[in-house]
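# Analysis of the macromolecular model
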Amino acid sequence: MSWRGELNKVLSATYKNWIISKRNVFTVFELIFWPFIGLLSIGLLTRFLEVGDDMVAFVLVGAIALSILQISQIDVAYILLFDLWSKSIKQTFVSPVRGYHLVLGAMLFGVIRGVAVFLVLAAASGHLFGFDFLAGGAVTVIVFLAGIFITAASIGMVVCISILLFGQRADVAAWTLSGIMMLVSGVYYPVSILPGPLQILSKSIPLTYLLEYYRSAYGYGSHQILLGMALALLYFSASLLILNLAIERARRTGMMLRLSE
Amino acid sequence: MRAEKICKSFRRLFKEKMVLFDISLSIEEGEVFGILGPNGAGKTTLMSIFSTLIRPDKGSLEVLGRDALRETHAIRERINISSGNPNFPWSLTVRENLHHSAMLYGLYGRSLYRSVDDSISAFGLESHSDAKFETLSTGLKQRVSLAKSILNRPQILFLDEPTSGLDPEMAMKTRDLIKKIYQKEEITVVLTTHYMPEAEELCDRIAFLREGRLVALGTPKELKRALQIGHRITIEYQGMIDPVRLRIIPGVMEVRELSGRVEMVFDHSGRTFSSIIKAFGEADILDIEIEQPDLEDVFLELAR
């Protein structure tokens, strides 16, 4: 198979997600409405509580990171979700694609949508709350977003793995995993206020380190970004490996047929 | 393609159910091979194993000279499948779905666009190419699935109940299209159906499955002969005959005598027919009706 053939296998997931998204009115809500409402609510809350600029930066960074994470992870989860809802999973898995083709293609679309959300929210937070999202410099933004996209892809793959292992009802994972992340990664508060066991859990989540890294650019504490990125890459590799194993298991157990019924 | 002792079970709610038992068969290159059987016989499961969508519990499978349990991706490049009750992403149009499927098979550039166009025209989908999949009738969905199945010019084409849910006219058209494709492309076709005339019309050889077991394998003619499913003949006559003379004719399997009419089942081979006529002696034969056995009879016999 030529490199162009391989590339098209990767882009097949990008193409499908793009077509479905552009036809779906829900996309407007995913890209603009909910992220904007989230940002606005948090921003207004900081006004009401009359917190200082550093605290405004702290919570707005969390709000924007969460929005990007959610949009990017759902795009990777859509690898199976769209097929699951249209009962066409076997059409995909009878073709000569591998897990990484699907993940990379969907991730590419997730990155495009994630960057779009970032730009909308960065502009809105600057205009409404005077918060300059680019104050830390371009490198900081790129490292921060790259970490979020890699983490989001891992979450999306966990959703796919859940569906392949437990069937159709596991699609609820698509909306719950990022909620759990929000709770333990210090999106709206420092992880130091969490109970002991949750603090340990927060240290195993890359988002915790990514938030610390970005906030440090605004003078809020120190960071361990290398550890965060290493964890993000480790989880990405492990998720991809487990996804391939889950696909093979679904072929053995017949789940692949049941998901298409 | 060669399958040796293929077994498959499915587990649901801690209960394991065997669905295929020791299936061994081989399919020759260029052959149209039918897998027949009643509902729940394991046809779709066997087809799914052959097309590498699912894996067997036991047994070995060789497809296009490769080990189908190890070299699955290389095999998938050279085969394709059209499923019964086909589904594709609903909000994509016919053309978009075919384009997406062509990408999954690694087609690119002009060959991708040409393949999509050829598939659309092969199945007469030109006027529906911009219609969303969710708006199509069952027949059109089936045609989209068939169009998708030839995108990568497969060497083996798997067709799972290709005419299920179609009205008789559309089913006939679809069978014609299938014939046209395998005659033109010279590919191996493996199809499942429980529509007997379809199997008789399309298949060189047939495997019958019942409750997950292979109960018969052969050409339609061989199966009819092996099961001794004979021709039916009804003769109306006037005069006297001796039914015993009819029963002792070699090849006659069954004789039923009614007033002025005899119904018989006989093996068409040899001189049975002329012997039957001679056995009527002086009686006047008023009418003869001969009914050839079809696969429906084979199916009913095997499904018992």
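Residues numbered from 1 in each chain as written. Chains lettered and ligands numbered in written order. Predicted model: local features only at pLDDT ≥ 70, side-chain atom pairs only at ≥ 80, totals over all residues.

## Details of the overall build of chain A
Convention followed: Starting at the N terminus, helices and strands are each numbered in turn, a helix being any DSSP run of H or I of at least four residues and a strand any DSSP run of E of at least two. Throughout, radius of gyration means the C-alpha value; the globule benchmark is 2.2 Å times the number of residues raised to the power 0.38. Three classes are used. A residue is buried when 20 or more other C-beta atoms lie within 10 Å of its own, exposed when 12 or fewer do, and partly exposed in between, with C-beta atoms placed from the backbone.
Across its full length, chain A carries 11 helices and zero strands. Going residue by residue from the N terminus, the α and β elements of chain A occur as α-α-α-α-α-α-α-α-α-α-α. Over its C-alpha atoms chain A spans a radius of gyration of 19 Å, differing by no more than 12% from the 18 Å that the globule rule assigns to 261 residues. Referenced to the eigenvectors of the C-alpha coordinate spread, the extents of chain A come out at roughly 55 × 40 × 35 Å. Buried positions account for 49% of the 261 residues belonging to chain A.

## Digging into the overall build of chain B
Applied cut-off: Contact definition: two residues whose C-beta atoms, as placed from backbone geometry, lie within 7 Å.
For chain B, the count of helices and strands is 11 helices and 14 strands. Projected onto its principal axes, the C-alpha coordinates of chain B cover approximately 80 × 45 × 35 Å. Burial analysis of chain B (304 residues in total) assigns 41% to the buried set. If you take every contact in chain B between residues at least 6 apart in sequence, the share linking residues at least 24 apart comes to 68%.

## Overview of the domain arrangement of chain B
Inclusion rule: Segmentation of the chain into domains, including their bounds, is taken from an automatic or database domain assignment.
Looking at the assigned domains, one finds that chain B contains domain 1 (2-78 + 154-218) and domain 2 (227-303). Taking only C-alpha atoms, the centre of domain 1 of chain B and the centre of domain 2 of chain B are 37 Å apart.

## Observations regarding the interface of chain B and chain A
Stated formally: We call Asp, Glu, Lys and Arg charged. Ala, Val, Leu, Ile, Met, Phe, Trp, Tyr, Cys and Pro are nonpolar, and the rest, Gly among them, are polar.
Each side of the interface is counted separately: chain B has 28 residues, and chain A has 33 residues. Of all the secondary-structure elements, those providing two or more residues to the side of chain B that touches chain A are strand E1 (2-12), helix H2 (72-76) and helix H3 (94-104) of chain B. Among the elements that line the side of chain B that touches chain A, the one with the most residues is H3(B), at five residues. By residue class, the composition of the side of chain B that touches chain A is 13 nonpolar, 10 polar and five charged.

## Some words on the sheet that holds strand E6 (residues 79-82) of chain B
Hydrogen bonding along the main chain pairs the strands of a sheet, whether they run parallel or antiparallel. All names here are of chain B. Here is the rule we go by: Strands pair, by our definition, only if DSSP identifies at least two bridges between them. Axes here refer to lines fitted to C-alpha atoms; in helices the fit is confined to the stretch in contact. Angles between the N-to-C directions go from 0 to 180 degrees.
In space, the six strands of this open sheet follow the order E6-E7-E8-E3-E9-E10, with mixed pairing throughout. The outermost strands of the open sheet, each flanked by one partner alone, are E6 and strand E10 (213-218). The average undirected angle you get between the axes of adjacent strands in this sheet is 15°. Bridge count for strand E9 (residues 205-210) against E10 is five bridges, and the pairing is antiparallel. Bridge pairing links Leu 209 to Leu 214 in E10. Contacts from helix H1 (residues 43-50) reach strand E3 (32-36), strand E7 (156-160), strand E8 (188-193) and E9, with the element oriented near 155° to E8.

## Section: the nonpolar core
Soluble globular proteins: nonpolar side chains tend toward being buried together. The condition that has to hold: Buried Ala, Val, Leu, Ile, Met, Phe, Trp, Tyr and Cys residues whose C-beta atoms connect them within 7 Å together make up a nonpolar core.
In terms of nonpolar packing, the biggest core is built from 141 residues, with Ala65(A), Ile79(A), Cys160(A) and Val190(B) touching the most fellow members. Looking at which element gives the most residues to this core, the answer is helix H3 (residues 53-85) of chain A, with 21 residues. Look past the residues within four positions of Ala65(A) in its chain and what remains in contact with it is Ile148(A), Val187(A), Leu207(A), Leu210(A) and Leu211(A). By size, the runner-up hydrophobic cluster in this structure holds seven residues, among which are Ile235(B), Val262(B), Ile276(B) and Ala279(B).

## Some remarks on the sheet that holds strand E13 (residues 261-266) of chain B
All names here are of chain B. Spatially, four strands are ordered E12-E13-E11-E14 in an open sheet, and the strand pairing comes out antiparallel. Two strands bound the open sheet, and with one partner strand each, they are strand E12 (252-258) and strand E14 (284-291). When strand polarity is set aside, the average angle formed by the axes of neighbouring strands in this sheet is 15°. Pairing of E12 with E13, which is carried by six bridges, proceeds in the antiparallel orientation. Looking across to E13, one finds that Val 255 is bridged to Met 264.

## Thoughts on the confidence of the model for chain B
A low pLDDT means the predicted coordinates there should not be read in detail. Residues and elements named next belong to chain B. Inclusion rule: Residue-level confidence of the predictor is summarised by pLDDT, bounded by 0 at the bottom and 100 at the top.
Taken residue by residue, chain B gives an average pLDDT of 88. The fraction at 70 or more is 94%. Looking at the elements of chain B, mean pLDDT is at its lowest for helix H11 (residues 295-303), recorded as 68, and at its highest for H3, recorded as 97. As a predicted assembly, this complex carries a pTM of 0.86 together with an ipTM value of 0.91.

## Regarding unusual backbone geometry
One non-glycine residue, Glu50(A), adopts positive backbone phi at about 55°. The residue Glu50(A) is located in the loop between helix H2 (26-49) and H3 in this model. Given 7 C-beta atoms within a 10 Å radius, Glu50(A) is considered exposed. The phi dihedral of Lys5(B) is positive, around 50°, even though this residue is not glycine. Tracing the chain through its elements places Lys5(B) in strand E1.

## Digging into the confidence of the model for chain A
On average, residues of chain A carry a pLDDT of 92, and 100% of them reach 70 or more. When pLDDT is averaged over each element of chain A, helix H10 (residues 225-253) of chain A comes out on top at 96 and helix H7 (residues 173-184) of chain A at the bottom at 84.

## Description of the pairing of E13(B)
Residue and element names in this part refer to chain B. Going residue by residue along E13, you find Val 262, Met 264 and Phe 266 tucked away on one face and Arg 261, Glu 263 and Val 265 left uncovered on the opposite face. Pairing of strand E11 (residues 231-238) with E13, which is carried by six bridges, proceeds in the antiparallel orientation. Within E13, the position partnered with Glu 236 by the bridge is Arg 261.

## Considerations on helix H10 (residues 272-279) of chain B
Residue and element names in this part refer to chain B. Where we set the bar: What the arc describes is the spread of directions from the helix axis to the C-beta atoms.
Taken residue by residue, H10 has Thr 272, Ile 276 and Ala 279 as its buried positions. One side of H10 carries all its buried residues, which in axial view fall inside an arc of 65°. Exposed residues lying more than 90 degrees from the buried face of H10 are Ser 274 and Lys 278. Following H10 by one or two positions, Gly 281 has its phi on the positive side, about 50°.

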